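Chains, contacts and geometry: an overview
The primary structure of each chain is shown beneath.
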Amino acid sequence: MEQNHISSSFDKELNKLNNNLLKLGNTALDQFEKCINNFGTQNLDEIKTVINTDKILDDLDDKVQKSGFEIIALRAPQAADLRRVIVALKIATIFERIGDYSRNISNRTKLLIDLKYTDLPGVNIGKMGQKTQTMFEDVLDAYINEDDNLAVKIRNSDIKIDKMHTEYYLEIISHMQRKKNFAPTGTHLLFIAKNIERVADYVTDVAEQIYFLVNGHVLSDHRPKADKTSLKIPN
Amino acid sequence: MNNKIISPLEASSKVKNSIAKRRAKDNRLRLYGRISISLAVCFLLFLFYSIFSKGYSGFFQYYVTLDINFDRERIDPKGDLSENSLFDGDASVIVNESLFSIIQPTGRKEKKQAKKIVSSGKDIRITKMVKNNPSLFGTITKVKFALDDDIDSFLRGYIKRETPESERRISNKVIEYVDKLNEEGRITYEFSDYILSGSASGNPEMAGIKGAFIGSMLTLSVCLLISFPLGIATAVYLEEIAKKNKITEIIEVNINNLAAVPSVVFGIMGLAIFISIFGMPRSIPLVGGMVLALMTLPTIIISSRAAIRAVPPSVRDAAYGIGASKIQVIFHHVIPLAMPGMLTGTIIGMAQALGETAPLLMIGMVAFIVDIPNSIVDPGTVLPVQIFMWADFAERMFVQKTSAAIIVLLVFLISMNAFAVYLRKKLERRW
Amino acid sequence: MNNNRNDFRSLELTVGDVFSKDARLKARNVNVFYGENKAIDNVTIDIGSKEVISFIGPSGCGKSTFLRCFNRMNDTIDSCLVQGEITIDDENIYNKKIDVVPLRARIGMVFQKPNPFPKSIYDNVAYGPRIHGLSENKEHLDYIVEESLKRAGLWNEVSDRLQSPGTGLSGGQQQRLCIARTIAVSPEVILMDEPCSALDPIATAKIEELIHELGNDYSIVIVTHSMQQAARVSKRTAYFHLGKLIEVGRTKDIFTRPQHNKTEAYISGKIG
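Residues numbered from 1 in each chain as written. Chains lettered and ligands numbered in written order. Predicted model: local features only at pLDDT ≥ 70, side-chain atom pairs only at ≥ 80, totals over all residues.

1. Digging into the nonpolar core
Formed by 222 residues in total, the largest nonpolar core has its most connected members in A:V203 and C:V221. The element best represented in this core is helix α6 (residues 183-215) of chain A, accounting for 13 residues. Counting only domains with at least three residues in this core, you end up with domain 1 (61-189) and domain 2 (210-427) of chain B. If we skip the residues at most four places from it in the chain, A:V203 touches A:T132, A:M135, A:F136, A:V139 and A:I154. (Core = buried A, V, L, I, M, F, W, Y, C linked by C-beta atoms within 7 Å. Buried ≥ 20, exposed ≤ 12 C-beta atoms within 10 Å, placed from the backbone. Helix = DSSP H or I, 4+ residues; strand = E, 2+ residues; numbered from the N terminus. Domains from an automatic or database assignment. Contact = placed C-beta atoms within 7 Å.)

2. Quick look at the sheet that holds strand β1 (residues 60-69) of chain B
Residue and element names in this part refer to chain B. Read across the open sheet, the 3 strands follow the order β2-β1-β3; overall the sheet is antiparallel. Edge positions in the open sheet fall to β2 (140-146) and β3 (187-191), since each of these has one partner strand only. Between one strand and the next, the sheet's axes are offset by a mean angle of 40 degrees, whatever the strand orientation. As judged from the 7 bridges shared by β1 and β2, these two strands associate in the antiparallel manner. Bridged to L66 within β2 is V143. (Pairing = 2+ DSSP bridges. Axes fitted to C-alpha atoms, helices over the stretch in contact; angles between N-to-C directions.)

3. Brief notes about the sheet that holds strand β3 (residues 37-48) of chain C
All names here are of chain C. Taken together, 4 strands build an open sheet; the order of strands is β3-β2-β5-β6 and the sheet is antiparallel. Either end of the sheet is taken by a strand with one partner, and the two such strands are β3 and β6 (91-92). The pairing of strand β2 (residues 23-34) with strand β5 (residues 80-88) spans 8 bridges and is antiparallel. Opposite F33, over in β5, you have L81 as the bridge partner. Docked against the sheet, helix α1 (residues 63-70) engages β2, β3 and β5, running at close to 125 degrees with respect to β2.

4. Quick word on the pairing of strand β10 (residues 236-241) of chain C
Residue and element names in this part refer to chain C. The element β10 is extensively covered by neighbouring structure, given that 6 of its 6 residues are classed as buried. Residues R236, A238 and F240 line one face of β10 and the alternating positions T237, Y239 and H241 line the opposite face, and both faces are buried. By the bridge criterion, 4 bridges tie strand β4 (residues 52-56) to β10 in an arrangement that is parallel. Within β10, the residue paired with I56 across the bridge is Y239. As paired elements, β10 and strand β11 (residues 244-250) share 6 bridges and run antiparallel to each other. Pairing of A238 across the sheet is with V248, part of β11. Joining the antiparallel neighbours β10 and β11 is a turn of 2 residues, in which L242 adopts a positive phi near 50 degrees.

5. Structural notes on unusual backbone geometry
Glycine aside, residues mostly have negative phi, and peptide bonds are mostly found in the trans state. You will see that A:A76, though not glycine, has its phi angle at about 45 degrees, which is positive. Along the chain, the position of A:A76 falls in the loop between α2 (44-75) and α3 (79-114).

6. Here we look at the interface of chain B and chain C
Taken together, the contact pairs 16 residues of chain B with 21 residues of chain C. Within the residue set of the side of chain B that touches chain C, elements represented by two or more residues are α13 (313-321) and α14 (326-354) of chain B. In terms of residues, the side of chain B that touches chain C owes the most to one element, α13(B), which gives 6 residues.

7. Regarding the interface of chain C and chain A
At the junction of the two partners, chain C supplies 12 residues and chain A supplies 10 residues. For the side of chain C that touches chain A, the element with the most residues is helix α7 (residues 201-214) of chain C, which contributes 5 residues. Here the side of chain C that touches chain A is built from residues that sort into 3 nonpolar, 4 polar and 5 charged. (Nonpolar A, V, L, I, M, F, W, Y, C, P; charged D, E, K, R; others polar.)

8. A short note on the environment of B:G208
Residues and elements named next belong to chain B. Examined against the element boundaries, G208 turns out to sit in the loop between β3 and α9 (210-241). Judged by the 22 C-beta atoms lying within 10 Å of it, G208 falls in the buried class. Separated by 194 residues in the primary sequence, G208 and T402 place their C-alpha atoms 9.7 Å from one another.

Encoded structure:
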């Protein structure tokens, strides 16, 4: 935020909104990082902590929605201010959903532990998770710095996650076809992989919002997609 | 049904067509205005020209220069320059001697006529000179004396040589003497030292307006001192303090009407109340001032009320809002802001009063008063009345003097009005 | 609709919280007549201490009239009759015994059109303290003038020309001068009658920022025909319609979820 508004209370309200949003984003990132780690370490206590912390994300999202709404009603923001407030409202919802997915992944990890899952070669959840986590970290930086170039880069790297997801999907399906009692484990693995891919999509959504925030219009070309799982029937 | 909405295009062309007529009408009006103004200016210039051309000569008169022997024993027998001594002295004889030495009249009749050539104020002039400058004693000094008014009129050409002697005011012999004096270059036409410094006199050559002027000033001062505070206070009361009801309405109507009442009515009132009932002496500036004050009050009240009304309500709101009491609002805010208007109204009222004759005639300020009044209870007269009286006198020289006095009065009126304009400009505050 | 109506009867209920916990001014069943015309109909409301409350409503709804009741400025209008009770510290200001002059030093007013006195800037601010005898000596008076101008955000712009006329300032500066003049007498309540309607947007924003700061020390009641201004500046808002008080509440609530349908209609621009 460059120049201050004449009304200092308006600045305060905008800062409060921004701070809550960043808190929400960082907490969601933290949750995601933890849930990917826990997939590797299979530490039940840590997993339970992640599941319980999800409530905080809901509260933070409520706060952001409420202050964004009030700023629009009371201040009638214009131009960049308006874009910031609207983008903040959208991104908050996205972060909250990412939080939901982290909780979901943690729940399924718990079930995998019960099913005594050990690594399936060819399916590196950790790698996929870390790449997504990096995207997530970058997008938070892009938001704080209002860096639209970084946002475009993030958006273009989503394709890698899509490719990984397609790869792992095919691998898990073929394993399930070979070993019939692998089905429950496989299903959970599939969902976990899908969730991570969804998180990457959401992070890309955030990146597109950041582009809009900075430039005032949406990215014109289509997002490159490589997720062919819904298009092919594996044999 | 021919009614329809006129399209912009149509309207445009209709306006264009009518514009020529409208312009012509405007120009005609403008022309009429210009003609009227030119006419008015011409009349004004003509008026000023006639007044000034007639009155200009009233400031000048003819003097004769004589050599006077300042013999102390004869002028100041007692030697102490006291009034008694000078009175006993023979100053006028000395002057006549000097005159006779030039024109050399023979016989009593001729000498009698010759004595009338120099103005009868000759001895006063001598005694005044020695009082101011005792070192004149023992010298023979040239002194200028005013000429008698008939001689003056003759020299101006009003009394003509051609008229037969029996119909003329001065005899042939006197004309001869005057010619003689003229040949010797002793007769001069100079700025009169009487017109402004002298007071009323039966002798036109010595008559001046000083007495009337002082009388005017005294009368106006009394008028101002009474009407200004009363008028302002009344206006403030009626505008700010009194409740608006039937009574105040009636008062307002009456004040407005009083402003239109002929001024002579106020004179009658002054005569009836101040002089008859209160028994005040006539012809004093105090009574004159009181009568004029009655006359000027409505003017001052009306203009002050207008000035007070012109003070914007926002100033009053601000003052009340900050917790000022009614009196504080009036004295700290309303009156200072209304003051330019009030002062202008007062000065205009005073200028009107300066020129008033009728009411002062009614209370008797028409008496012939020679002494210059010293205070407001000394008898006096005022400029317009003086003019009125002079206009009545027979002597020709009074014509000039009257015009000169009118000029003085006009100059005063113009300066007062100019002062009013200046004051207004200076005191006007933006709000 | 939660009204604590146990003490005062009213024919039509006002929606929302009319009462405040620490009320500075209390208006109870106030009616105002201009001759035959009823301009304010049975209004009851509290003004809290150190809060900014705005009165909004369409033209002619009586909000200015009601505002002027609080410092008895309606006394200056002959045809105006005020009924009901307005108390400050539990003393009815319409009591015959109350002297209106010190009342107006406690409850100050800023008007729609900036109206500095045609005096110098210094004298404008010093006038109030002078007539109320607030300062002990010249030094103290200088201090009061400086502090008032500082708090009104005007000191930096005029400190080098205190003797120049107040009317020579720009519109926004004049209004801040009027605010400085008002706070120089240390009021408890400041009434503002559309203080920004004669000013441009930048000057308006500066005054609003000033009001925001002053709200920490004074109770401020501001009448405005701009809803957006009320939304920006006040913590509490009261909506008036045809002389009646329709709804009072926190500004946030009034502008996001008003309870009365008339309020909703006005706020969303559905009625004039």
